[in-house]
Amino acid sequence: MDKKIKKIGILTGGGDCPGLNAVIRAATRTAILKYGLEVVGFKNGYRGLYLGQTVKLDMEAISGILPKGGTILYSSNKDNLFKYPFIEDGKTVYRDVSDVGMKNIQDAGIDAMIIIGGDGTLTSGRDFARKGINVIGVPKTIDNDLASTDVTFGFDTAVAVATEALDRLHTTAESHHRIMVLEVMGRYAGWIALEAGIAGGADAILIPEIPYDIEKVAEKINDRRHHDKDFSIVVVAEGAKSKDGEMIVSKVVENSPDPIRLGGIGAKIASDLEKIAELEARATILGHLQRGGTPTAYDRILSTRYGMKAVELIMEEKFGNMVTLKGNDMAYDSLENVIGKIKNVNPQGELVTTAKNIGISFGE
Ligand code: F6P
């Protein structure tokens, strides 16, 4: 009997993230070793899909990539083919060039696509699924903010990097009697700050989901001083905001699905605290270090499970879905259901309660 699925395509979009290569490797190995399929990668995210930039993925191409950061397929966090920018008469105009992407998939003889990305990349994945492409999504982001899955790959590594940074900042905090503020990523969700803050023994954790009062943060720091702890560690998510303030935007990136880049709140908090907490303060922005380098063992395993499951879903023809982790089980949910929702920290949830009960301040 003629097999329906003979060739699959893989594309990575959005910011790089630890575990991308592990997903590519697992999907390719499953496709080749278990199902005898051909595998093709599109380079540079959706731009490569538009330009027809393909690369054959065979056992040789994926050899040795499991521990490597980044993506062997490269990526782009711009280039939405449903709203693709062209310069005409000195002005940027946008056109829907998704049909070119569709044609390139069909011309390459690809029966199904694995699209690995966060909300922006998977929004286009959903839109290609609506146009009839057989799509399976894989949830990638250090921010852990995608709906329907308990954990996105890359998050564990980001938390590990931020935790190590906190351990190192403790040294200066203690030696110099300082407040050390660490600004971490996460966009509009506070997952990295919350988990790294708990793991790294922070005294205050400031997240977008719980707007802070700087006086309350200072109260916590002064209270520690009165108990012979004349240093403090504050972790702040880039999307944190004060009760009467706004998130701080560091940059606007045209043509990105979400053009807003956050950043700068760490420096503001350090400067505000220095005025009222009577200790010197310094801010560190951890930035892209959270996304770079080798994935943790947890992320390698999760990425491998996601990549394998994506191919299984293709063979079961369960298209239009994203692979998910529910509890400790692999599952899936419709891309229609996933897109456009942000999975935020629950301010009343068990993790926040645990942090509060061990004395961590959220600046409330
Ligand atoms: O979504 C991942 C992420 O690293 C966010 O945490 C951060 O806000 C954003 O991407 C930074 O994007 P860029 O790489 O464009 O600076």
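Now for a quick tour of the structure. Quick caveat: nothing in here was measured; it's all calculated off a predicted structure.

As a matter of local geometry, the ligand sits amid Asn77, Thr141, Ile142, Asp143, Met185, Gly186, Arg187, Glu238, Arg261, His288 and Arg291. Contact between the ligand and Asn77: an oxygen atom at 3.1 Å from a side-chain N or O atom of the residue. For the ligand, an oxygen atom lies 2.8 Å from a polar atom in the side chain of Arg291. A total of 400 Å² of accessible area belongs to the ligand in isolation, and the protein chains cover 79% of it. Split by residue class, the shell around the ligand holds 2 nonpolar, 4 polar and 5 charged.

For an α-helix, 3.6 residues make a turn, and residues three or four places apart therefore share a direction. The terminal C-alpha atoms of helix H9 (residues 297-315) lie 27 Å apart, and with 19 residues this matches the ideal 27 Å at 1.5 Å per residue to within 8%. Of the residues making up H9, those classed as buried are Asp299, Leu302, Ser303, Tyr306, Gly307, Lys309, Ala310, Val311, Glu312, Leu313 and Ile314.

Next up on the list: the layout of surface pockets. Roughly 880 Å³ of internal volume is contained in the largest pocket. Looking at the largest pocket, it is lined by 43 residues, and the ones nearest its centre are Asn77, Asp143, Arg187, Arg261 and Arg291. Top element by residues in the lining of the largest pocket is helix H4 (residues 119-130). It accounts for 4 residues. For the lining of the largest pocket, the residue count by class is 12 nonpolar, 18 polar and 13 charged.

To continue, consider the nonpolar core. Residues Ile8, Ile10, Ile114, Ile116, Val138, Phe153 and Phe362 are the most contacted members of the largest nonpolar core, which totals 64 residues. Residue contacts for Ile10: discarding those within four places in its chain leaves Ile24, Ala27, Thr28, Val39, Val40, Gly41, Phe42, Leu57, Leu73, Met113, Ile114 and Ile116. Among the nonpolar cores identified, the runner-up in size contains 23 residues, and Tyr84, Ile133, Leu335 and Ile339 belong to it.

A few words now on the packing of aromatic side chains. For the structure on display, the rule yields 6 aromatic pairs. Ring centres of Tyr50 and Tyr84 lie 4.6 Å apart, and the angle between their planes is 45°; this geometry places the pair in the tilted category. Taken together, the residues Tyr50 in helix H2 (residues 45-51) and Tyr84 in strand S4 (residues 84-88) connect sequence positions 34 residues apart. Comparing Tyr50 with Tyr84, the two get one shared label, buried. Feature note: the residues Tyr46, Phe82 and Phe128 constitute an aromatic cluster, connected by ring pairs.

The rules we used
- Residues numbered from 1 in each chain as written.
- Predicted model: local features only at pLDDT ≥ 70, side-chain atom pairs only at ≥ 80, totals over all residues.
- Heavy atoms only, no water.
- Near = heavy atom within 4 Å.
- Polar contact = N/O pair within 3.5 Å; in protein donor to acceptor, adjacent residues only side chain to side chain.
- Areas by Shrake-Rupley, 256 points an atom, 1.4 Å probe, with all protein chains shown as cover.
- Nonpolar A, V, L, I, M, F, W, Y, C, P; charged D, E, K, R; others polar.
- Helix = DSSP H or I, 4+ residues; strand = E, 2+ residues; numbered from the N terminus.
- Expected span 1.5 Å × (residues − 1).
- Buried < 20%, exposed > 50% of the residue type's maximum accessible area, 1.4 Å probe, protein only.
- 1 Å grid on protein atoms, 1.4 Å probe; cavity = no way out; pocket = protein on both sides within 12 Å on 5 of 7 lines; lining within 4 Å.
- Points joined across faces, edges and corners; volume = space filled by probe spheres on them.
- Core = buried A, V, L, I, M, F, W, Y, C linked by side-chain atoms within 4.5 Å.
- Contact = heavy atoms within 4.5 Å.
- Phe/Tyr/Trp six-rings, centres within 6.5 Å; stacked < 30°, edge-to-face > 60°.

These figures capture arrangement, not role.
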